Amino acid sequence: MADITLKSHRSSRVHPQKFALWAAMASITMMFASLSSAYIVRQAAGNWLEFQLPSAFYISTIIILLSSMTLHKSYTSFINGQERPYKLYLVVSFFLGLGFVVSQYIGWQNLYSLGIDLKGNPSGSFLYVMTFIHVVHVLGGIACLLTAMFHAFALKFKVTERRKHRFELVNHYWHYVDLLWVYLLIFLLFS
Amino acid sequence: MADIITVDRDDVLLKKEGFDDHFHDHHHEDKYKSNFISHYIFSMDHKMIARQFLITGMLWAIIGAGMSIIFRLQLGFPDESLAWLKPLLGKWITINTETGMGSLQPEFYYALVTMHGTIIVFFVLTAGLSGTFSNLLIPLQLGARDMASPFLNMLSYWFFFMASVVMFYSLFLSTGPFSGGWTAYPPLSALPQASMGSGTGMTLWTISLVLFVVSVLLGGINYITTVLNLRTKGMTFWRMPLTIWAFFVTAILGLLSFPVLASGFFLLMCDRGLGTSFYLSEIFIQGSALDFAGGSPVLYQHLFWFLGHPEVYIIILPAMGLVSEVMAVHARKPIFGYKFMVYSILAIGFLSFIVWAHHMFMSGVNPFISNFFVVFTLIIAVPSAIKVFNWIATLYKGDLRLNTPMLFSIGFVSMFISGGLTGVFLGNSAIDIQQHDTYFVVAHFHIVMGIAAFFGMFAGVYHWYPKMFGRFMNETLGKIHFWATLIGAYAIFWPMHYLGLAGVPRRYYRFDSFDAFGSFGEMNMFITIAAIVVFFAQLLMVINFFYSMYYGKKMTTKNPWGATTLEWTTPIKAGHGNWPGKLPTVHRWPYDYGKDGKDFISQLEPMAEGETEAH
Ligand code: HEM
Ligand SMILES: [Cu+2]
């Protein structure tokens, strides 16, 4: 039923669902852009506590970059018809994703124990809020990875256009939240 | 007779030239018809979703307008008893036991004003207008079977519905709905104890609007994707009707600005519930100091107006698109300056992102930064003026059919000029020192956005009603509706300019207690009476709408207006999928009216030998 439009005339080579995903990413990007500018404006107003980012955030960065790599590996294995590495790397990516969330959580705990509280100086509040909203988006990505795993293990292995397309959607989103984190880290470091 | 020939011609062209997507191989249609719930309620058919948006929007419009009548009564007749409203408003009317005089509680006055603004801006003029017509027309005018994702499209409506339910519920809270203005500035919105409506009322207001943002985003993603991906064969960008251009840019504006509002709300929620100080600084309330330190309410204003200004264009652009289309059809002339219309839409869309601080000239933003915003604000007048010029040029020497949709289109232009001009006053930060937060602003935005957008919507409803319901609305009632609304709206809002110039502030509960404003009693009375008349004229439209659904004149030909665009090539009662057989193939732009001696040439018609395509 929902496929009613999938056979309509296509005026673009990009699959509509993929395009819709990009549009959604544009929207999420605006959200972080607005938070970043609010951050800059508030920082410029003074009374702004400077502190070092917890080292867990750097570990998170490594974890999520790794997960993007493994997910890409899983994808290339998939299109090359290699079932085992496809599944293996997919599972690894999933756990790396979870690892990212855990590591972020540890980062927040470190901050908290340093006395950086959500309620205190706005520089802390901003940090918590921005990283939290990002983690929420990562959790969305983890849910996508879960569905991808479901497809991988519940369906018989077969390389079809449709499955390739669906996997690509998951990939794009995951790489996107990964990039978003890298952006956030750089922003928080240098602003 | 001529009609019958063109109908046949359409079908011949569809068969011969159409794009075959093997739609008829799957019987979507039958599956849909068979089930009441999936057909009328959880429908994924964009045409049904459009009607759902429209009818929900109409219900909200009645509620929102009704609220304005109540607070206008207060302003126009501050000394009259409102005891008769007690059955409706209950405890919000207090009755003086000695005199028997019933008066509206000031808190509830603010709640009414706030709800009126929120409802009309978001639920009626965003969801009811762009939700309805983007849904109806994007697939139909582009030659698509449906939206890119019918499922997300359905969700978009249901998120709007949920937002509606939450907001509606908040009207009945014992502490009343939110009452801090439709812009929800902190601290009234951030401190639950700040006013009666700031507690649960505000919580529900935020929940409702977050649901609403989700609805807009889901809808917008779909509209954009559909326009980019599902145009039928031959439907290049330069062959899209101006309606589609307008909806497309509107959707982009929404997609880029609503997330900013969402993050603004998110910070607001943290301030409300988690004790952060994004927007709150040192505050004393009921004699004691709160913990908040160092926040700034101006930060909220930036985030709000970064959405807020694009939002006003999200409201007006679809109306502009509808008006352009209706006007070309009923003037039997190509729209004047099609490409300039498109470039103006794009320019307005772009500029709308860099003018937001003109709402904040008086909020203590740096005057040098204000200048930047003054310049861009005034530049918006240029594409706006181009559009106005083109509409008037389209009318010039046209073979005008002065039916209801056309009258509303012309009325739109009138309103847009009147209200746009006062925008140019307000856009000067020096003049705004005097005008800000006065009735001048109220007059400005009600004329340019409120009434103009309603006129665009009415033009659209009267024009596409046959497409939606297979019948026509009553012309006589329509014309009465138009003239009463046109004259009545000017009667309401024109005097407000004078009030504003005299410095009468907006959002006050009564004026007779101020020496400076005491002399405007009669003017306020006049405004209120005009508002009541206009309100009843709208009920005429509502009656016409529902009556015509069952008893209106039946549509007997597919293309009653003699329009060139694709929506009129579908069967009168089109099923899900719109065209029963092949999809149309497009050969020309949508404004071939009166070309080569022909009344109109459908977009389906291939170019004749030696014919050149108009633009
Ligand atoms: C020529 C173009 C326009 C200019 C230069 C302009 C300028 C302004 C300015 C400077 C204000 C702020 C006034 C104040 O609060 O002191 C304002 C308010 C407003 N304008 Fe316009 N405007 C223009 C067109 C429009 C259009 C087309 C719309 C809507 C479709 C619109 C909707 C509004 C609304 C809703 C407000 C008031 C919001 C509020 O405070 O509640 N304006 N305009
Ligand atoms: Cu504005």
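Residues numbered from 1 in each chain as written. Chains lettered and ligands numbered in written order. Predicted model: local features only at pLDDT ≥ 70, side-chain atom pairs only at ≥ 80, totals over all residues. Heavy atoms only, no water.

A. Region of interest: the coordination of the copper ion (ligand 2). Residue and element names in this part refer to chain B. All of the protein donors around the copper ion (ligand 2) are His309 (ND1), His358 (NE2) and His359 (NE2); their distances to the metal are 1.8 to 2.1 Å. Read in sequence order, the donor residues for the copper ion (ligand 2) give the motif H-x48-H-H. A separation of 4.6 Å is found between the copper ion (ligand 2) and the iron atom of ligand 1. Linking His309 in helix 10 (residues 297-331) with His359 in the loop between helix 11 (338-351) and helix 12 (367-395), this pair joins segments that are 50 residues apart in sequence. For His309, a relative accessible area of 6% gives the class buried. For His359, a relative accessible area of 21% puts it in the partly exposed group. (Donors = N, O, S within 2.8 Å, 3.2 Å for Na, K, Ca; no water. Helix = DSSP H or I, 4+ residues; strand = E, 2+ residues; numbered from the N terminus. Buried < 20%, exposed > 50% of the residue type's maximum accessible area, 1.4 Å probe, protein only.)

B. The arrangement of helix 4 (residues 46-76) of chain B in detail. Along its 31 residues, helix 4 of chain B runs 43 Å from first to last C-alpha, staying within 8% of the 45 Å computed at 1.5 Å per residue. Counting buried residues along helix 4 of chain B, 25 of its 31 residues qualify, which places the element largely inside the surrounding structure. (Expected span 1.5 Å × (residues − 1).)

C. Quick look at helix 6 (residues 106-142) of chain B. Residue and element names in this part refer to chain B. Taking 1.5 Å per residue, 37 residues should reach 54 Å; helix 6 reaches 50 Å between its end C-alpha atoms and fits that length. Maximum bend of helix 6: about 35°, positioned at Ile120. For helix 6, a buried count of 33 out of 37 residues is recorded, marking the element as mostly surrounded by other parts of the structure. One or two residues past the end of helix 6 sits Gly143, with phi positive at roughly 75°. (Bend = angle between axes of the 7 residues up to and from the residue.)

D. Geometry of the pattern of salt bridges. Taken as a whole, this structure holds 15 salt bridges over all chains when the rule is applied. Measuring nitrogen to oxygen at the nearest pair gives 2.4 Å for the salt bridge that ties A:Glu168 to A:Lys18. Taken together, the residues span a long stretch of sequence, with A:Glu168 in helix 5 (residues 161-190) and A:Lys18 in helix 1 (residues 16-44) at a distance of 150 residues. Taken individually, A:Glu168 and A:Lys18 each receive the classification buried, so the pair is uniform in this respect. The shortest N-O distance in the salt bridge between B:Arg332 and B:Asp599 comes to 3.0 Å. Of this pair, B:Arg332 sits in the loop between helix 10 and helix 11 while B:Asp599 sits in the segment after helix 17 (521-551), placing them 267 residues apart in sequence. Residue classification places B:Asp599 among the partly exposed positions, given a relative accessible area of 43%. (Salt bridge = Lys/Arg side-chain N within 4 Å of Asp/Glu carboxyl O.)

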